[in-house]
Amino acid sequence: MALQHMSESVFVGLCYNLGTSQEVAMRRDVADIRDVVDNKGKTSGENSVMVNGSNKEGFRLEGSDIDYMYWRNDHRVIWELSQSQYYNTHRQTLILCDCSESPPGYTLLYLLSTSRDEDVQRACFRMNNRFYISSSEYRNIWCSALSPDSIQHGPCASGTFGSDTEYDFADCFVSDFWSPSASSWIDRCRSWPQTYIVDDIVKNGCHFVAIGHKLGHHESNEWRISFSLAEHKLVGAMNHYQFLTYGLLKLFLTEIINNGLSDADKLLCSYHTKTAVFWVIQQNKILYWCPQNFMECFWVCFKLILKWVYEGVCPNFFIPQNNMFLGKIHGEAQHQLLIKLYGLYEKGIAFLLHSPSIRSCIINVLYNPHLFICSDEHTLIPEMVFNIVLFQEICKYCTLSTPNLVESYMKNLHRIEQMIGLPLLTQYQAVMLQKLTAYVLQSTAFMLHIETYTHKNKLRYRADKISCYMPKLAAKFGCITDMLYIAIYYYNGFRYMEALSVIEMIKVKLAQPYVIYGYNVDIEMYTTCKTLGGQSWSKKMRQAVAWDINLDNKIHYMSELIPEQQSAIQNRETSLHIPPFILLYMLEILCYRHIDTMRLQTALDDLQTLVHYDQGQFIPLHLRDITWQILGICQQVTGNLQAALYSYQQSLRQAPFNSIHRASEMRIQGSFH
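Heads up: these notes are all about the structure in this document. (Residues numbered from 1 in each chain as written. Predicted model: local features only at pLDDT ≥ 70, side-chain atom pairs only at ≥ 80, totals over all residues. Heavy atoms only, no water.)

## Side note on the packing of aromatic side chains
Tallied over the entire structure, the rule returns 46 aromatic pairs. Note on Phe11 and Phe294: the rings are 5.8 Å apart at their centroids and 65° apart in plane angle, and the pair reads as edge-to-face. Of this pair, Phe11 sits in helix H1 (residues 2-18) while Phe294 sits in helix H11 (residues 294-311), and the two are 283 residues apart along the sequence. Residue class for Phe11 comes out buried when judged on its relative accessible area of 0%. The class of Phe294 is buried, set by a relative accessible area of 0%. With a centroid separation of 5.1 Å and an interplanar angle of 50°, the aromatic rings of Trp178 and Phe227 are classed as tilted. Of this pair, Trp178 sits in the loop between strand S10 (165-175) and helix H6 (183-188) while Phe227 sits in the loop between strand S12 (223-226) and helix H8 (228-237), placing them 49 residues apart in sequence. Among the residues examined, Trp178 registers a relative accessible area of 10% and is labelled buried. Counting every residue linked through ring pairs, the aromatic cluster contains Trp178, Trp185, Trp192, Phe227, Phe278, Trp279, Phe317 and Phe318. Taking the ring centre of Phe59 as reference, the NZ or CZ of Lys250 above it sits at 5.3 Å. (Phe/Tyr/Trp six-rings, centres within 6.5 Å; stacked < 30°, edge-to-face > 60°. Helix = DSSP H or I, 4+ residues; strand = E, 2+ residues; numbered from the N terminus. Buried < 20%, exposed > 50% of the residue type's maximum accessible area, 1.4 Å probe, protein only. Lys NZ or Arg CZ within 6 Å of the ring centre and 35° of its normal.)

Okay, here's the thing in structure tokens:
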């Protein structure tokens, strides 16, 4: 009974830390719909992209990097020549697998026709009168192209966006066909996952990432068969108890096994824990996955990993002949890891007290053995809190792969149009699609606005009328602060009074006591507001949500912020993130500068007061670099150079979240020296 009580406590703690089933489902739906819009209807000449890793699976773990997979749609890998009949070889380059000399799970890739892609051509080498693609050379090429600062990490190019966002990019090839070496996996799927999931996985094929086997005959040229998409679907097929068991194993790995180790010394990784959970579920080693049995579920998975380390064999879930420990966990390293794991095994489940994330869950039960624990996850997170989490997820991750042309945004808009009203959309996907619509409309409007400068007067008037309508339409789909894009558009067109009129409307909406900004909200006013009561998430987002303004750095929204965007681009930041209240005052100051000097000073005073005295309510700590910078810009354009100098210096002292320090230095040097 004591173990069951502890199990319930840990389960509840993980629901708070890692998410309830409702939160996890929402995160996955939001991520999935973004991927679908990104890739739907892409032509053979365009690249597809897929978010991968923990984020895709539904975790939001602190310190996790962002994983992406890219592949060329005009290149396809086949397993046998007969599969070439399904492709137009004039449009698509076919690549044939040659697994004859490679370890299980790996293959050589050789071109059946000439590739028009320069990177592929440069990575080719000749062997046995065939042109093969070298994985190591290909990885070197795209890793260097991505960024000179990127480092190779397995099959990925790893680095950092701006100050703190780590990334892993994998440029790969795709096959529409399932790997023959993984055919035995299909036969094993009798109890899990369900048949329709197996069919969906198989029909979506697999990928090939640029890394060879360390003990293979062609290590520098081999490619690893990747089942990342299949694994995502399998994680989605887990029930919530299984998912949280996987989450607990990840925490155990991070906080106990690998704690304090350098990357080079970390022998076990998250992929090994995920593989263990897959095997345990499929082999029915646990009959009852439930809160009361939660610690036993973890213990069974832990013992399987211990067994693998003892034997030196970790069988890949899809190709068991592929021992994922081979060449990595052996000899003295294997011996030391086994000693560490067996020492934990001897301590029993109590070794989880070393995990900061769940220590309190265990201690609470030890000191209060009769403590009542409600493990019904539907009662754990109040509706109000879930609303905040939902809107944060939607607004924070509402971006698409950045295009270079207006046509690309128009394609995104067309993709969204095709999806609106689909009966298979979940409630979370529908509201995410709504926000994506606003994002694409805003981006398209400003791209078209730039294009109008090359047109003659009559055409320019028509184009301006269309592009002006787009941010207005976007405001009907997005949140309150999306109206700021209308004000920016009016300001760029010297329509200062119209911009100010929009700003006043935004001020009225933001002044409502029920407005959510980040985690800041008057919960009582929000929950008791009759206007919001019983309304859909779609309507709540339009009426009660404010969010940071994200300016795509490839688009020039305002001439006053171009140096900041250019500085951010040099540091590989895709967007400027600005608190809405700061941008609102900036626009007000810039407009009044042309029409009303008295109100100009009042607006400037309001901005200065907000920046100097805000305690995190309207200016998140991580956005204080751009906040001080904007205050400096406003002070400089109004002639207060000494105050502007101080503000730019303050911007340099903040955490460089937006990576605008070069712009700050440039403004200081250009204006004050």
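## Concerning the side chain of Ser48
By the secondary structure assignment, Ser48 is in strand S1 (residues 47-52). A polar atom in the side chain of Ser48 sits 3.0 Å from the side chain of Asn73. (Polar contact = N/O pair within 3.5 Å; in protein donor to acceptor, adjacent residues only side chain to side chain.)

## Thoughts on the pairing of strand S6 (residues 124-127)
Pairing of S6 with strand S7 (residues 130-133) involves four bridges; the strand directions are antiparallel. In the strand pairing of S7, Cys124 is matched with Ile133. Counted along the chain from S6 to the antiparallel partner S7, the turn is two residues long, and its residue Asn128 has a positive phi close to 55°. (Pairing = 2+ DSSP bridges.)

## Section: the layout of surface pockets
The space that makes up the second largest pocket amounts to roughly 1200 Å³. In this structure, the second largest pocket is lined by 36 residues; those nearest its centre are Val36, Asp200, Asn204, Leu229 and Lys233. Mapped by element, the contributors of at least two residues to the lining of the second largest pocket are helix H2 (21-39), S1, helix H7 (195-203) and H8. Looking at the lining of the second largest pocket element by element, the count peaks at seven residues for H2. Its residues placed into classes, the lining of the second largest pocket shows 14 nonpolar, 10 polar and 12 charged. (1 Å grid on protein atoms, 1.4 Å probe; cavity = no way out; pocket = protein on both sides within 12 Å on 5 of 7 lines; lining within 4 Å. Points joined across faces, edges and corners; volume = space filled by probe spheres on them. Nonpolar A, V, L, I, M, F, W, Y, C, P; charged D, E, K, R; others polar.)

## Section: the packing of helix H18 (residues 484-492) against helix H19 (residues 496-510)
The interhelical angle for the contact between H18 and H19, taken along N-to-C directions, is 165°, at an axis separation of 8 Å. With respect to each other, H18 and H19 are oriented roughly antiparallel. Like other packed secondary-structure pairs, H18 and H19 cross with a definite hand, here left-handed. For the pair formed by H18 and H19, the contact residues are Leu484, Ile486, Ala487, Tyr490 and Tyr491 on the first element and Tyr496, Glu498, Ala499, Val502, Ile503 and Ile506 on the second. Looking at the contact of H18 with H19 residue by residue, the class counts come to 10 nonpolar, no polar and one charged. (Axes fitted to C-alpha atoms, helices over the stretch in contact; angles between N-to-C directions. Parallel < 35°, antiparallel > 145°, perpendicular 65-115°, else oblique. Left-handed = near helix turned anticlockwise from the far one by under 90°. Contact = heavy atoms within 4.5 Å.)

## Brief notes about H19
The end-to-end C-alpha separation of H19 is 21 Å, in line with the 21 Å expected for 15 residues at 1.5 Å each. Close packing links the buried residues of H19 with H18, strand S14 (545-546) and helix H23 (580-595). (Expected span 1.5 Å × (residues − 1).)

## Focus: the nonpolar core
Phe252, Leu268, Phe318, Leu352 and Met558 are the most contacted members of the largest nonpolar core, which has 201 residues in total. Among all residues touching Met558, those that are not within four sequence positions of it are Ile488, Tyr491, Asn492, Leu583, Met586, Leu587 and Leu590. Judged by nonpolar contacts, the second largest core, of 10 residues, contains Met69, Cys156, Val209 and Leu229. (Core = buried A, V, L, I, M, F, W, Y, C linked by side-chain atoms within 4.5 Å.)

## What to know about a nonpolar patch on the surface
Nonpolar side chains collect at one region of the surface, where Ile363, Leu366 and Tyr367 lie side by side and expose about 340 Å² of accessible area between them. Structurally, Tyr367 is set in helix H13 (residues 359-367). (Patch = residues over 30% accessible without salt bridge, like charges linked within 9 Å, V, L, I, M, F, W, Y side chains within 5 Å. Areas by Shrake-Rupley, 256 points an atom, 1.4 Å probe, with all protein chains shown as cover. Salt bridge = Lys/Arg side-chain N within 4 Å of Asp/Glu carboxyl O.)

## What about empty space enclosed by the protein?
The final tally for this structure, using the stated rule, is two cavities of 30 Å³ or more. In this structure, the largest cavity encloses a volume near 120 Å³. As for the largest cavity, its lining consists of 14 residues, of which Lys435, Asp482, Tyr485, Asp548 and Asn550 are closest to the centre. Put simply, the parts of the chain that give the lining of the largest cavity at least two residues each are helix H16 (427-451) and strand S15 (549-552). For the lining of the largest cavity, the element with the highest residue contribution is H16, accounting for three residues. In terms of residue class, the lining of the largest cavity is made up of seven nonpolar, four polar and three charged. For the second largest cavity, the full set of lining residues is Thr20, Ser21, Gln22, Glu377, His378 and Ile381. Its residues placed into classes, the lining of the second largest cavity shows one nonpolar, four polar and one charged.

## What about the state of the cysteines?
Applying the stated criterion across every chain yields a total of zero disulfides. In this structure Cys15 is not part of a disulfide, and its nearest cysteine sulfur, from Cys361, lies 10 Å away. On the accessibility criterion, Cys15 (1% relative accessible area) is buried. (Disulfide = S-S within 2.5 Å.)

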